[in-house]
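Spelled out from the first residue to the last, the chains are:
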Number of protein chains: 2
Amino acid sequence: MKNLIRPSVRELTAYTPGEQPKAAGLIKLNTNENPYPPSPAVSRALKEYPAESLRLYPDPVCTELRGRIAEIQGVAPEQVFAGNGSDEVLRLAIRAFTPPGGAVAAFDPTYSLYPVLAAAEEVGYLRVPLPEDFGWTAPPADLKAGLFLLANPNAPTGVFYPQEEIAALAGRFPGVVLVDEAYVDFAGGRDCLALAKERPNVLVCRTLSKSFSLAGLRIGYAVGSPELIGALFKLKDSYNVDRLAQAVALAALGDVSWMQDNARRLVATRERVAGELNRRGFRVTPSAANFLFIEPPAGDSAADLFARLRGRNILVRYFPAPRTKSFLRVSIGTDAQMDAFLAAL
Amino acid sequence: MKNLIRPSVRELTAYTPGEQPKAAGLIKLNTNENPYPPSPAVSRALKEYPAESLRLYPDPVCTELRGRIAEIQGVAPEQVFAGNGSDEVLRLAIRAFTPPGGAVAAFDPTYSLYPVLAAAEEVGYLRVPLPEDFGWTAPPADLKAGLFLLANPNAPTGVFYPQEEIAALAGRFPGVVLVDEAYVDFAGGRDCLALAKERPNVLVCRTLSKSFSLAGLRIGYAVGSPELIGALFKLKDSYNVDRLAQAVALAALGDVSWMQDNARRLVATRERVAGELNRRGFRVTPSAANFLFIEPPAGDSAADLFARLRGRNILVRYFPAPRTKSFLRVSIGTDAQMDAFLAAL
């Protein structure tokens, strides 16, 4: 019955998320999850949640949650979209900001979900190759794309790109620049929110998955001009964020200092591990995120090292694409987990 | 900056959900929410939920939840897709089963979200007019559509269509027939699951929103052949159902008899209210759902009655489309709420 299915869907390869193994005793450094738990306010919100209210539909436009985000980020609620994870925000942005038969553009390498989403939305995907050190490069002026997906800090490299370069790109790019700041809370206070506030063609996308330790909840949001935000609203499922997720996200956003304390701890661990790996002859890409992108010393291969670590119950991430196949991406865990990782190396 | 937005999105009119007013003392009979709370197992699941596990991503394919659904419905887990509400299931089905430039078909009237989803997915929408009594009519044999969206019981009428007619339709329709059974638990044990099990081009879609009293949670699912289900999986967001929703849905599905008891109570109330409205000269469409579709006696107008009820703090639903504008849709509440409704009439 294959002919019942849309041809582009038949050919689609779904995104491969990092493994979520059930084995006990595993040190899981493969999906950039936060090793610290969410704020105690989250636990309280769950325990106190009036379960009987689940019989009612959620607020379809997340009024309270968007109000809180708007307050934190210093924008109007009309400038905030809340989604079922930033996955939803990214999917809707591709749909809203590329014409039929159009394309999105992104650096290579970057978040491996982007080309999957572009294929699902049946638009082209233009790769702008990054230099050997994965640092900034100005995309060509004649890029024919409706949307530039710019992860900053970039994944899987962790490199942070200067706001001035992104501002210059937004100034000359004819479409929308979406700055995906999933990891920005580990970047030492730098971000592109000012750009999203000033420029009608810039959206900033955030998530509570990493820094707020809520990957299990699926809350992402976008900040930008009311016109761009309005387009996302038109396309979203009617009730895209459930009641519990709205309530728990509000609780987490009421305790920003908990997130910041965890981010600080994590950054300290990251810098310590980066220094140690440097000393051991690894090439360590400068990271502003909650992971390190590392190349083993000459004579060792990333794929082999991945397998050897796996054999010692340490799970990291290996991306076999041309630009990433000599590297491993290692999420930053607790100090104890990272010591075990260093010992296993 | 309107030129940043895809033309079809600029022209899109988002679905209008029923109002969710905050006013106290309102009797809310407008969005088909269940008047009874979800199972006590839901409340327990929330209270006992280990909040620290929210730092980890959810199971991207809802293994445990789909296993439970498969067990209840007597199918293999590969025949079950779980989504962020049946909204997501419907959206993905339109995408997966219509070719670019193709169309979906549906009866008129039916669930008013269908044409909104078709427009968002940039496919056509073919309306098959129902007869005056909203009963079954065989869609034309030459219907050029990849997908037939068939709400059964239908919305907003509540009419249940015979399985034999749907089987015959599936036999001659060249595309996929999606039977949207959002309200089927109020239909006295009749459903189209056997069809979804037997026929490779039939999907049945269910939701926990109505009968399980979990509209606030967003859990929908589809049952069908592994080929159709696999296409939905390819298109979904990577982590479409969050950890809490998976856990709470599992708890609710562990207590099916709670749902069935509530459904029985609600059906008894529905029949009592239908009888009373008949006696008062209303035309009452025979309903197999948790709502009634009623036409006021000659001399009164549905729009006026809607406004008068609103003035008495009773909120029902009015659809101003040509086929529905002389009717009101009234969700079935508790006996006390329905008595207040009858008194206000």
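The structure this text deals with has already been given above.
Here the structure is a predicted model, which is why all the values come from computation and not from measurement.

Definitions and cut-offs
Residues numbered from 1 in each chain as written. Chains lettered and ligands numbered in written order. Predicted model: local features only at pLDDT ≥ 70, side-chain atom pairs only at ≥ 80, totals over all residues. Heavy atoms only, no water. Helix = DSSP H or I, 4+ residues; strand = E, 2+ residues; numbered from the N terminus. Buried < 20%, exposed > 50% of the residue type's maximum accessible area, 1.4 Å probe, protein only. Contact = heavy atoms within 4.5 Å. Areas by Shrake-Rupley, 256 points an atom, 1.4 Å probe, with all protein chains shown as cover. Lys, Arg positive; Asp, Glu negative; His and termini not counted. Charge placed at Lys NZ, Arg CZ, Asp CG, Glu CD. Least-squares fit on C-alpha atoms with pLDDT ≥ 70 in both. Core = buried A, V, L, I, M, F, W, Y, C linked by side-chain atoms within 4.5 Å. Axes fitted to C-alpha atoms, helices over the stretch in contact; angles between N-to-C directions. Parallel < 35°, antiparallel > 145°, perpendicular 65-115°, else oblique. Nonpolar A, V, L, I, M, F, W, Y, C, P; charged D, E, K, R; others polar. Pairing = 2+ DSSP bridges. Right-handed = clockwise from strand over helix to strand, strands pointing away. Buried area = accessible area lost by both parts, 1.4 Å probe. Salt bridge = Lys/Arg side-chain N within 4 Å of Asp/Glu carboxyl O. Polar contact = N/O pair within 3.5 Å; in protein donor to acceptor, adjacent residues only side chain to side chain. Arc of directions from axis to C-beta. Phe/Tyr/Trp six-rings, centres within 6.5 Å; stacked < 30°, edge-to-face > 60°. Lys NZ or Arg CZ within 6 Å of the ring centre and 35° of its normal. Expected span 1.5 Å × (residues − 1).

## Re the overall build of chain A
Part 1: Broken down by element type, chain A carries 12 helices and 12 strands.
Part 2: Taken along the three principal axes of its C-alpha coordinates, chain A extends 55 × 55 × 50 Å.
Part 3: Looking at chain A as a whole, 60% of its 345 residues are labelled buried.
Part 4: Sequence separation of 24 or more characterises 71% of the internal contacts of chain A that already satisfy a separation of 6 or more.
Part 5: Summed over its atoms, the accessible surface of chain A is roughly 12,300 Å², and 54% of this surface lies on carbon and sulfur atoms.
Part 6: Put simply, chain A has 38 plus and 36 minus side-chain charges, and the middle of one group is 4 Å from the middle of the other.

## A closer look at the relation of the copies chain A and chain B
Two copies of one chain are present, and they are related through a rotation about an axis combined with an axial shift.
Part 1: Mapping chain A onto chain B calls for a rotation angle of 180° and an axial translation of 0.0 Å; the resulting RMSD is 0.0 Å. What the rotation and shift describe, once combined, is the action of a two-fold rotation axis. Residues of chain A ranked by C-alpha distance from the rotation axis are headed by Lys 47 of chain A, positioned 2.2 Å from it.

## Some remarks on the nonpolar core
Part 1: The biggest cluster of nonpolar side chains holds 106 residues, and the ones touching the most others in it are Phe 148 of chain A together with Phe 148 and Val 177 of chain B.
Part 2: If we ignore the near neighbours within four places in the chain, the residues touching Phe 148 of chain B are Ala 105, Ala 106, Phe 107, Val 128, Pro 139, Leu 143, Leu 169, Phe 173, Val 176, Val 177 and Leu 178 of chain B.

## Description of the packing of helix α4 (residues 86-97) of chain B against helix α8 (residues 226-235) of chain B
All names here are of chain B.
Part 1: For the pair α4 and α8, the least separation of the axes is 9 Å and the interaxial angle reads 105°. Classified by the interaxial angle, the pair formed by α4 and α8 is roughly perpendicular. For the pair α4 and α8, the contacting residues are Val 89, Leu 92, Ala 93, Arg 95, Ala 96 and Phe 97 in the first and Leu 228, Ala 231, Leu 232 and Leu 235 in the second.
Part 2: For the contact of α4 with α8, the residue count by class is 9 nonpolar, no polar and 1 charged.

## Here we look at the pairing of strand β10 (residues 291-295) of chain A
Residues and elements named next belong to chain A.
Part 1: Where burial is concerned, most of β10 is hidden: 4 out of the 5 residues are buried.
Part 2: By the bridge criterion, 4 bridges tie β10 to strand β12 (residues 328-331) in an arrangement that is antiparallel. Bridging across to β12, Leu 292 finds its partner in Val 330.

## Topic: the pairing of strand β3 (residues 103-108) of chain B
Residues and elements named next belong to chain B.
Part 1: Burial runs high along β3: 5 of the 6 residues are buried.
Part 2: The pairing of β3 with strand β4 (residues 124-129) spans 6 bridges and is parallel. Paired with Ala 106 across the bridge in β4 is Arg 127.
Part 3: Regarding the hand of the β-α-β motif, the stretch spanning β3, helix α5 (residues 113-120) and β4 is right-handed.

## Points about the interface of chain A and chain B
Part 1: In this assembly, 75 residues from chain A lie in contact with 75 residues from chain B.
Part 2: The largest share of the area that chain A buries against chain B comes from Arg 6, Arg 55 and Tyr 57 of chain A, three residues that together contribute 12% of it.
Part 3: Put simply, Glu 121 of chain B and Arg 95 of chain A hold a salt bridge, and the shortest N to O gap is 3.9 Å.
Part 4: Our enumeration of links across chain A and chain B arrives at 40 residue pairs in polar contact (both at pLDDT 80 or more).
Part 5: Looking at the side of chain A that touches chain B, the elements with two or more residues in it are α1 (7-10), α2 (40-48), α4 (85-97), α5 (113-120), α8 (226-235) and α9 (243-253) of chain A.
Part 6: Among the elements that make up the side of chain A that touches chain B, the one with the highest residue count is α4 of chain A (6 residues).
Part 7: Tallied by class, the residues present in the side of chain A that touches chain B amount to 41 nonpolar, 14 polar and 20 charged.

## Focus: the sheet that holds strand β10 (residues 291-295) of chain B
Residue and element names in this part refer to chain B.
Part 1: One open sheet holds the 3 strands; their spatial order is β9-β10-β12, and the pairing between them is antiparallel. Where the open sheet ends on each side, the last strands, each with one partner, are β9 (283-284) and β12 (328-331).
Part 2: Across the sheet, helix α10 (residues 256-279) lies against β9 and β10, angled at about 5° from β10, the strand it touches most.

## A few points about helix α6 (residues 163-172) of chain A
Residues and elements named next belong to chain A.
Part 1: Burial in α6 covers these residues: Ile 166, Leu 169 and Ala 170. All buried residues of α6 project into a common sector of 100° when viewed along the axis, lining one side.
Part 2: Here the buried face of α6 lies against β5 (147-151), β6 (176-180), α7 (193-198) and β7 (202-207).

## Some thoughts on the environment of Ser 287 of chain B
Residue and element names in this part refer to chain B.
Part 1: For Ser 287, the position within the fold is in the loop between β9 and β10.
Part 2: Looking at Ser 287, the relative accessible area reads 12%, which means it is buried.
Part 3: Spatially, the C-alpha atom of Ser 287 lies 13 Å from that of Ala 263, the residues being 24 residues apart in sequence.
Part 4: When residues no more than four places from it in sequence are discounted, the contact partners of Ser 287 are Gly 158, Arg 270, Glu 271 and Leu 292.
Part 5: Separated by 3.0 Å, the side chain of Ser 287 and the backbone nitrogen of Ala 289 make a polar contact.

## Some words on the sheet that holds β10 of chain A
Residues and elements named next belong to chain A.
Part 1: With antiparallel pairing, the 3 strands of this open sheet are ordered in space as β9-β10-β12. Strands at the two margins of the open sheet, each flanked by one partner only, are β9 (283-284) and β12.
Part 2: Here helix α10 (residues 256-279) sits on the sheet and contacts β9 and β10; the angle it forms with β10, its principal contact strand, is near 5°.

## So, the packing of aromatic side chains
Part 1: Under the counting rule described, the total for this entry stands at 26 aromatic pairs over all chains.
Part 2: Between Tyr 183 of chain A and Phe 291 of chain A, the aromatic rings sit 4.9 Å apart at their centres with planes inclined by 85°, giving edge-to-face as the arrangement. Note that Tyr 183 of chain A is positioned in the loop between β6 and α7 and Phe 291 of chain A in strand β10, a separation of 108 residues in sequence.
Part 3: Lying over the aromatic face of Tyr 36 of chain A, Arg 265 of chain A brings its terminal NZ or CZ to 3.8 Å of the ring centre.
Part 4: The ring of Phe 160 of chain B is capped by Arg 190 of chain B, whose NZ or CZ atom sits 4.1 Å from the centre of that ring.

## Focus: α10 of chain B
Residues and elements named next belong to chain B.
Part 1: When the terminal C-alpha atoms of α10 are compared, their 35 Å separation across 24 residues agrees well with the 34 Å that a helix rising 1.5 Å per residue should span.
Part 2: Every buried residue of α10 is listed here: Met 259, Asn 262, Ala 263, Leu 266, Thr 269, Arg 270, Val 273, Ala 274 and Leu 277.
Part 3: Tucked inside the fold, the buried residues of α10 contact β9, β10 and α12 (335-344).
Part 4: Phi for Gly 281, located one or two positions after α10, is positive at around 90°.

## Describing the environment of Thr 334 of chain B
Residue and element names in this part refer to chain B.
Part 1: Relative to the helices and strands, Thr 334 resides in the loop between β12 and α12.
Part 2: Separated by 64 residues in the primary sequence, Thr 334 and Arg 270 have C-alpha atoms spaced 9.7 Å apart.
Part 3: Thr 334 has contacts with Pro 35, Tyr 36 and Thr 269, leaving out every residue within four places of it along the chain.

## Details of the pattern of salt bridges
Part 1: Taken as a whole and judged by the stated rule, the model has 38 salt bridges over all chains.
Part 2: Glu 33 of chain A serves as the salt-bridge partner of Lys 28 of chain A, at 2.6 Å between the closest nitrogen and oxygen.
Part 3: Looking at Glu 33 of chain A, the relative accessible area reads 7%, which means it is buried.
Part 4: When salt bridges that share partners are traced, they join Arg 6, Arg 95, Glu 121 and Glu 122 of chain A together with Arg 6, Arg 95, Glu 121 and Glu 122 of chain B into one network.

## A few points about unusual backbone geometry
Part 1: Along the chain, Asp 108 of chain B connects to Pro 109 of chain B via a cis peptide bond; the corresponding omega equals 5°.
Part 2: Here Pro 109 of chain B is to be found in the loop between β3 and α5.
Part 3: Following Asn 152 of chain B, the chain continues to Pro 153 of chain B via a peptide bond in cis, the omega torsion being 0°.
Part 4: Mapped onto the elements of the fold, Pro 153 of chain B is located in the loop between β5 (147-151) and α6 (163-172).
Part 5: In this structure, Cys 62 of chain A is a non-glycine residue whose phi angle is positive, near 50°.
Part 6: Given a relative accessible area of 1%, Cys 62 of chain A falls into the buried group.
Part 7: Its identity as a non-glycine residue notwithstanding, Phe 134 of chain B has a phi of 65°, on the positive side.
Part 8: Structurally, the position occupied by Phe 134 of chain B is in the loop between β4 and β5.

So yeah, pure geometry; function would need other evidence.
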